[in-house]
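What the coordinates show
Here is how the chains run, residue by residue.
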Amino acid sequence: QVQLVESGGGLVQAGGSLRLTCAASGRTFSSYAVGWFRQAAGKEREFVGSITRSESSTYYADSMKGRFTISRDNAKNTVYLQMNSLKPEDTAVYYCAARQWGSGYDPNWENWRSWGQGTQVTVSA
């Protein structure tokens, strides 16, 4: 099972940008699809986007399309979440998740097997 560690969160003003990093352990990381999720205080965990094993496809929740970009570097066992035009409503703990089987697109967080500890993103108005 792959181990995941997120980093790159912080405090940013509305309209700003952040890049989150999800670093994975294990020599078979390229065989895992990776998803990003977020959870705001008092709310359900929600799907942000995901990337397939081969980097051939990315998927995004509607509210993130055009602002967020997911990419991966399998040689570095790393997946990135570039977030632009951030809004206060993007404030949440952001998690990366991975799974070795199944589609690279699945907005249901319960179907993802491995999780990082999360990184806090706070967007001020």
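Because the structure is predicted, anything quoted here is derived from the model rather than measured.

Any covalent bond linking the sulfur atoms of two cysteines counts as a disulfide. Inspection of every chain in the model, using the stated rule, returns 1 disulfide. Sulfur-sulfur distance for the disulfide between Cys22 and Cys96 comes to 2.1 Å. Taking the sign of the torsion about the S-S bond as the criterion, the disulfide between Cys22 and Cys96, at about 70 degrees, is right-handed. With Cys22 in strand S3 (residues 18-24) and Cys96 in strand S9 (residues 92-99), this pair connects stretches of sequence that are 74 residues apart. When sorted by exposure, Cys22 lands in the same class as Cys96, which is buried.

Turning our eyes to something else, we now look at unusual backbone geometry. Positive phi, normally seen in glycine, also occurs at Asn77, with a value near 55 degrees. Topologically, Asn77 is positioned in the loop between strand S7 (68-73) and strand S8 (78-83). You can call Asn77 buried: its relative accessible area is 17%. Here Ser85, not a glycine, exhibits a phi torsion of approximately 50 degrees, which is positive. Summarising the element assignment, Ser85 is placed in the loop between S8 and S9. The exposure class of Ser85 is partly exposed, given its relative accessible area of 41%.

With antiparallel pairing, the 4 strands of this open sheet are ordered in space as S1-S3-S8-S7. Edge positions in the sheet fall to strand S1 (4-7) and S7, since each of these pairs with one other strand and no more. For this sheet, the mean angle separating the axes of adjacent strands, direction not counted, is 15 degrees. Of the pairings in the sheet, the one linking S1 to S3 comprises 4 bridges and is antiparallel in character. The residue of S3 that forms the bridge with Ser7 is Thr21.

The next thing to look at is the pattern of salt bridges. A side chain with one charge may pair with a side chain of the opposite charge, provided their charged atoms come close. Enumeration over the complete set of coordinates arrives at 5 salt bridges. Here Arg38 and Asp90 are joined by a salt bridge, their closest N and O atoms 2.8 Å apart. One end of the pair, Arg38, is in strand S4 (residues 33-39); the other, Asp90, is in the loop between S8 and S9, and 52 residues separate them in sequence. The class for Arg38 is buried, based on a relative accessible area of 6%. Owing to a relative accessible area of 1%, Asp90 belongs among the buried residues under this scheme. Residue Asp106 is joined to Arg99 by a salt bridge in which the shortest nitrogen-to-oxygen separation is 2.9 Å. For the pair Asp106 and Arg99, a shared accessibility class is recorded, and that class is buried.

What counts, and at which threshold
Residues numbered from 1 in each chain as written. Predicted model: local features only at pLDDT ≥ 70, side-chain atom pairs only at ≥ 80, totals over all residues. Heavy atoms only, no water. Disulfide = S-S within 2.5 Å. Helix = DSSP H or I, 4+ residues; strand = E, 2+ residues; numbered from the N terminus. Buried < 20%, exposed > 50% of the residue type's maximum accessible area, 1.4 Å probe, protein only. Pairing = 2+ DSSP bridges. Axes fitted to C-alpha atoms, helices over the stretch in contact; angles between N-to-C directions. Salt bridge = Lys/Arg side-chain N within 4 Å of Asp/Glu carboxyl O.

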